Amino acid sequence: MIRTTLATISALLAVALPARAADDFIATPTLRASITVTSDVVRVGDLIDNAGSAALIPVYRSPDLGTTGALSVAQVLSVLRAKQVIGVMTGDIKEVQVTRLARTLANKDLENAVASALEHRFGFGAAANITVTFDRGIADIRLDASNTGALLPVATRYDARSGRFDIAFEINNDNNQAATKLRFSGTAIETVEVAVLTRDIDRADLLKSSDVAVERRPKAEVTGEAASRDRTLGMQLRRPMRAGTPIRVADIVKPDFVQRDQSVTVIYQVPGIYLTTRGKALESGAEGDTISVLNLQTKRTLSGTVTARGQITVQGASQSAPMPAAVEQTSSLKRDEAPAPIDTAALVRNLVQAPASAAQIAQAQIPQVRVSQAPAKSE
């Protein structure tokens, strides 16, 4: 009798234990505090872990693209019970945050896409120099997150006279559905970066840092080569110009270091000799220019190079005396005898001081040649 009873209990335990162990492996549905979705509906499997066969049941409409919404726990549990989903563990969760993922196309991204579609076409240059304005103010565009493809132009139209464009784009998605289509219209112009005057400038003024700003202007407004800001600083204008005027390379010149009729220092330089005197500039000139200057002592007009403010340098080589005439083979000058060297000092004195006489001028300008007479033949 005892053995029969023990056998019966063992059999019952053998049946009961596997059933209890199976129950231990069934995971409890648990509510999530925050979720992200990519589709336009929220499903049971999005809201709770271990949803089982109820995971694909839709329960809510998703928030707008790229936004987040909140659901109270009581509201969620009520909806789940209506879908026959019960026994959900909520813990200390008070509400569920639901975020819908999206791909955002910023306004700047759209402008760049249009500029790239026009780049090196219809007479345009680089895309970086194309300014795009849409017909309607376009804010950021949000697309379904599955639209991961590039923004590809499929139809491009542009009217060079009006500057208007009409461009259609397509974006491929990860769902193997038809590509998303976008279309934009507006105006596009090519611009250049140019230095612009911040105030009215007279020709004699030197351009300072505060006088010049950098702006982008339509290329059609700037004829010729636009000047960069760095290139304009320290320069002068060829003519007076008003504030806001773009500066071209042709509009600027190096500043005049010497003005016409200005009293200047004239420097005479020859090897080993450095002399200065006063003169009057007969022309205006910038550094490095060759201009005419009047020597106030000798009343002679010389050509010199502007080397500093109020300073003109006359190189000795430019004032060198004429070379003596070549000696014929029949001359009595010996072949191995060289002409006398030019008296450089006398030449410089002649340039700086007024000559005393015509004979002195001749002596200073014409080097003397020593001529040896051939010895007489002895009979």
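These figures come from a predicted structure and were not determined experimentally. (Residues numbered from 1 in each chain as written. Predicted model: local features only at pLDDT ≥ 70, side-chain atom pairs only at ≥ 80, totals over all residues. Heavy atoms only, no water.)

Enquirer: An account of the overall build of the chain is requested, with residue identities and associated values reported.
Expert: A count of helical and extended segments in the chain gives seven helices and 23 strands. For the chain, the residues scored as buried account for 31% of the 379 residues in total. Looking at the chain alone, contacts between residues at least 24 apart form 53% of all its contacts between residues at least 6 apart. Surface accessibility of the chain: about 23500 Å² in total, with carbon and sulfur atoms responsible for 52%. (Helix = DSSP H or I, 4+ residues; strand = E, 2+ residues; numbered from the N terminus. Buried < 20%, exposed > 50% of the residue type's maximum accessible area, 1.4 Å probe, protein only. Contact = heavy atoms within 4.5 Å. Areas by Shrake-Rupley, 256 points an atom, 1.4 Å probe, with all protein chains shown as cover.)

Enquirer: Residues and numbers for the nonpolar core, please.
Expert: By size, the foremost hydrophobic cluster in this structure holds 22 residues, and its most contacted members are Val114, Leu118, Leu151, Phe165 and Phe169. Contributions of two or more residues to this core are made by α4 (107-118), β9 (130-134), β12 (164-171) and β13 (180-197). Residue contributions to this core peak at six residues, all from α4. With residues near it in sequence (within four places) discarded, Leu151 still touches Leu105, Leu110, Ala113, Phe169, Glu170, Ile171 and Leu182. Counting residues in hydrophobic clusters, the runner-up holds 20 residues, among them Leu31, Ile48, Val76 and Leu80. (Core = buried A, V, L, I, M, F, W, Y, C linked by side-chain atoms within 4.5 Å.)

Enquirer: I'd like a rundown of the environment of Gly163, residues and numbers included.
Expert: Turning to its location among the elements, Gly163 is positioned in the loop between β11 (152-159) and β12. For Gly163, the residues in contact, after removing those within four places along its chain, are Tyr158, Gly186, Thr187 and Ala188.

Enquirer: Could you give me a rundown of the confidence of the model for the chain, with the residues and numbers involved?
Expert: This prediction gives the chain a mean pLDDT of 79; 76% of its residues lie at or above 70. The least confident element of the chain is helix α7 (residues 358-365), whose mean pLDDT is 42; the most confident is β12, at 96. Overall, residues 1-24 carries pLDDT values under 50, and its contacts beyond four positions in sequence, including any with other chains, amount to one contact. When the criterion is pLDDT under 50, residues 317-336 qualifies, and its contacts beyond four places in sequence or with other chains add up to 18 contacts. (pLDDT = per-residue confidence, 0-100.)

Enquirer: Residue-level account of helix α3 (residues 73-82), with values.
Expert: Turning to α3, its buried residues number three or more, namely Val73, Val76 and Leu80. Projection of α3 onto a plane perpendicular to its axis shows the buried side chains occupying an angular sector of 65°, all on one side. In this structure, α3 carries Ala74, Arg81 and Ala82 as exposed residues pointing more than 90 degrees from its buried face. (Arc of directions from axis to C-beta.)

Enquirer: Can you break down the sheet that holds strand β6 (residues 68-72) residue by residue, with the values?
Expert: If you trace the three strands from one edge of the open sheet to the other, you get β2-β7-β6, paired in mixed fashion. Edge positions in the open sheet fall to β2 (34-37) and β6, since each of these has one partner strand only. Going from strand to strand, the sheet's axes swing by 25° on average, the running direction of each strand aside. Bridging between β2 and strand β7 (residues 95-100) involves four bridges; their strand directions are parallel. The residue bridging Val37 from the neighbouring strand is Arg100, located in β7. Contacts from α3 reach β6 and β7, with the element oriented near 75° to β6. (Pairing = 2+ DSSP bridges. Axes fitted to C-alpha atoms, helices over the stretch in contact; angles between N-to-C directions.)

Enquirer: Report on the packing of aromatic side chains, specifying residues and quantitative values.
Expert: In this description, an aromatic ring pair is defined by two values, namely the gap between the centres and the angle between the planes. Under the criterion given, the structure shown has five aromatic pairs. Between Phe169 and Phe184, the ring centres sit 6.0 Å apart and the planes meet at 55°, which makes this aromatic pair tilted. Taken together, the positions of Phe169 in strand β12 and Phe184 in strand β13 put the pair 15 residues apart, joining distant regions of the chain. Per residue, the accessibility class of Phe169 equals that of Phe184, and both read buried. Grouped by ring-pair contacts, the aromatic residues Phe134, Phe165, Phe169 and Phe184 constitute a single cluster. (Phe/Tyr/Trp six-rings, centres within 6.5 Å; stacked < 30°, edge-to-face > 60°.)

Enquirer: Requested: an account of unusual backbone geometry, with residues and values cited.
Expert: Positive phi outside glycine occurs at His120, with the angle close to 55°. A positive phi angle, near 55°, is found at Phe122, a position not held by glycine. With respect to the secondary-structure elements, Phe122 resides in the loop between α4 and β9.

Enquirer: Could you give me a rundown of α4, with the residues and numbers involved?
Expert: Its 12 residues place the ends of α4 17 Å apart at the C-alpha level, agreeing with the 16 Å of an ideal helix rising 1.5 Å per residue. For α4, every residue scored as buried is listed here: Leu110, Ala113, Val114, Ala115, Ala117 and Leu118. Residues of α4 that are buried in the fold lie against β8 (102-105), β9, β10 (141-144), β11, β12 and β13. Residue His120 follows α4 closely and has a positive phi angle near 55°. (Expected span 1.5 Å × (residues − 1).)

Enquirer: Tell me about the environment of Glu170, and please be specific about residues and values.
Expert: Note on placement: Glu170 falls in strand β12. Judged by relative accessible area, which is 24%, Glu170 ranks as partly exposed. Separated by 20 residues in the primary sequence, Glu170 and Ala150 have C-alpha atoms spaced 8.0 Å apart. Excluding residues that lie within four positions of it along the chain, Glu170 makes contacts with Ala150, Leu151, Leu152, Val154, Ala179, Thr180 and Lys181.

Enquirer: Lay out the environment of Asp251 with the relevant residues and their values.
Expert: Looking at where Asp251 falls in the secondary structure, it is placed in the loop between β15 (236-237) and β16 (252-253). Residue classification places Asp251 among the buried residues on the basis of a relative accessible area of 5%. Sequence separation between Asp251 and Gln236 is 15 residues; the distance between their C-alpha atoms is 8.4 Å. Aside from chain neighbours lying at most four places away, what touches Asp251 is Gln236, Leu237, Arg238, Arg239, Met241 and Pro246. Engagement of the side chain of Asp251 in a polar contact is seen with the side chain of Arg248, the distance being 2.9 Å. (Polar contact = N/O pair within 3.5 Å; in protein donor to acceptor, adjacent residues only side chain to side chain.)

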